[in-house]
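Inside the fold
Here is what each chain is made of, one letter per residue.
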Amino acid sequence: MTQKWRQDSTFLALIEDLLALEEVQSLANFRHHYYTNRLAHSLSVSYRSYCWAKRFKLDCRAIARAGLLHDLFFYYPQDYPQLVGGIGHLKNHPRIALENALKLVELNDLEQDIILKHMFGCTWTLPKYPESYIVTLMDKQCAIYEVVGASIGQGLLSIKRLILKQDKTLA
Ligand SMILES: [Fe+2]
Ligand SMILES: [Fe+2]
């Protein structure tokens, strides 16, 4: 995941109240995309989306906050009760995340749309705002980085271990 958000005080000021919430912090307890945790993933999506919003002069506050809350659910997909080949969770978790977020903070229409439509492609209701398109794209980009990046890292580590083992055998 990107760590640049830690040094960006403007970004941090936009999300610090949310980041302090126990419910948001608890996302760190859930493994996400196999190699990371749900809080780290949410922060990556939030920060990458925020950077694009800044570049395009969009609503940086809404995108940072809704990006952080987009996966605010507290279960593992495999435990989801209506799971049918993974689709139940994929389709429903944006609505669940929005319901959970609304229990914690007020969200305007833009922020709600960002959370609700972040699985666009799997769900077919069109996002209403450019910010929502950015978050759904960044969510997918982060997921790819998290899974592929970590897999490459694991692969390189295995190769390194193999080389070290061979070196020891030859010594
Ligand atoms: Fe999601
Ligand atoms: Fe996500």
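Above this text sits the structure in question.
These notes cover the structure that comes with them. (Residues numbered from 1 in each chain as written. Chains lettered and ligands numbered in written order. Predicted model: local features only at pLDDT ≥ 70, side-chain atom pairs only at ≥ 80, totals over all residues.)

Some details on the nonpolar core
In this structure, Tyr50, Ile63, Ala64, Leu69 and Ile115 are the most contacted members of the largest nonpolar core, which totals 32 residues. Going through the elements one at a time, helix H1 (9-19), helix H3 (38-55), helix H4 (60-69), helix H5 (87-104), helix H6 (109-116) and helix H7 (130-170) are the ones with two or more residues in this core. Those residues in contact with Tyr50, other than ones at most four positions away along the chain, are Phe11, Cys60, Ile63, Ala64 and Gly67. (Core = buried A, V, L, I, M, F, W, Y, C linked by C-beta atoms within 7 Å. Buried ≥ 20, exposed ≤ 12 C-beta atoms within 10 Å, placed from the backbone. Helix = DSSP H or I, 4+ residues; strand = E, 2+ residues; numbered from the N terminus. Contact = placed C-beta atoms within 7 Å.)

Some remarks on H1
Of all the residues in H1, the buried ones are Phe11, Leu14, Ile15 and Leu18. Down the axis of H1, the sector holding all buried residues measures 80°, keeping them to one side. Looking at H1, the residues exposed on the side facing more than 90 degrees away from the buried face are Ser9, Ala13, Glu16 and Asp17. The inward-facing, buried residues of H1 abut helix H2 (22-25), H3 and H4. (Arc of directions from axis to C-beta.)

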